[in-house]
Amino acid sequence: MSKLRELIMRMASFFSDVAAELRKSTWPTRPELLDSTLVVILSVIALAVFVGISDLVLMKFLELIL
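A short tour of the structure in this document, coming up. Fair warning: this is a prediction, and the values are worked out from it, not measured in the lab.

Of regular secondary structure, the chain possesses 2 helices and 0 strands. Relative to its length of 66 residues, the chain is extended, with a C-alpha radius of gyration of 25 Å against a globular reference of 11 Å. Along the three orthogonal principal directions, the C-alpha set of the chain runs to about 70 × 40 × 10 Å. Burial statistics for the chain: of 66 residues in total, 0% are counted as buried. Summing over all exposed atoms, the chain offers an accessible surface of approximately 6,600 Å²; the carbon and sulfur share of this is 73%. The centroid of the 7 positive side-chain charges in the chain is displaced by 14 Å from the centroid of its 7 negative side-chain charges.

The structure is reproduced here in structure tokens:
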């Protein structure tokens, strides 16, 4: 029973520490969040285009070899 109580106390301490750290955090404003989201979306699109073009080029190259 002592181990169970110790486990519960450690879990309570952990969640208390998490709550304290979250109170210290600064959350982005709406414009900052929208700007960051736009950067991520554009980066993903650019990477997808790059991978797609690379795939086509390599596929044509392999067709020439084979």
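Okay, back to it.
What follows deals with the environment of Ile45. One can find Ile45 in helix H2 (residues 30-65). The sequence separation of Ile45 and Ala20 amounts to 25 residues, and the corresponding C-alpha distance is 38 Å.

Turning next to the environment of Leu62. By the element assignment, Leu62 lies in helix H2. The exposure class of Leu62 is partly exposed, given its relative accessible area of 48%. Sequence separation between Leu62 and Ile45 is 17 residues; the distance between their C-alpha atoms is 26 Å.

A few words on a nonpolar patch on the surface. On the surface, a nonpolar cluster with roughly 1,100 Å² of combined accessible area is contributed by Met1, Leu4, Leu7, Ile8, Met11, Phe14, Phe15, Val18, Leu22 and Trp27. When you line up the elements, Trp27 lands in the loop between helix H1 (2-24) and H2. On the accessibility criterion, Trp27 (64% relative accessible area) is exposed.

Below, the discussion takes up the pattern of salt bridges. In this structure the tally under the stated criterion is 2 salt bridges. The salt bridge partner of Glu21 is Lys24, with a shortest N-O separation of 3.2 Å. One end of the pair, Glu21, and the other, Lys24, are both in helix H1, 3 residues apart, so they sit about a helical turn from each other. In this structure Lys24 comes out as exposed when scored by relative accessible area, which is 61%. Across the pair Lys60 and Glu63 runs a salt bridge whose closest N-O atoms are separated by 3.8 Å. One end of the pair is Lys60 and the other is Glu63, both in helix H2 and 3 residues apart, which spans about a single turn. Taking the relative accessible area as the measure of exposure, Lys60 reaches 52% and is therefore exposed.

Rules and cut-offs
Residues numbered from 1 in each chain as written. Predicted model: local features only at pLDDT ≥ 70, side-chain atom pairs only at ≥ 80, totals over all residues. Heavy atoms only, no water. Helix = DSSP H or I, 4+ residues; strand = E, 2+ residues; numbered from the N terminus. Rg over C-alpha atoms; globule rule 2.2 N^0.38 Å. Buried < 20%, exposed > 50% of the residue type's maximum accessible area, 1.4 Å probe, protein only. Areas by Shrake-Rupley, 256 points an atom, 1.4 Å probe, with all protein chains shown as cover. Lys, Arg positive; Asp, Glu negative; His and termini not counted. Charge placed at Lys NZ, Arg CZ, Asp CG, Glu CD. Patch = residues over 30% accessible without salt bridge, like charges linked within 9 Å, V, L, I, M, F, W, Y side chains within 5 Å. Salt bridge = Lys/Arg side-chain N within 4 Å of Asp/Glu carboxyl O.

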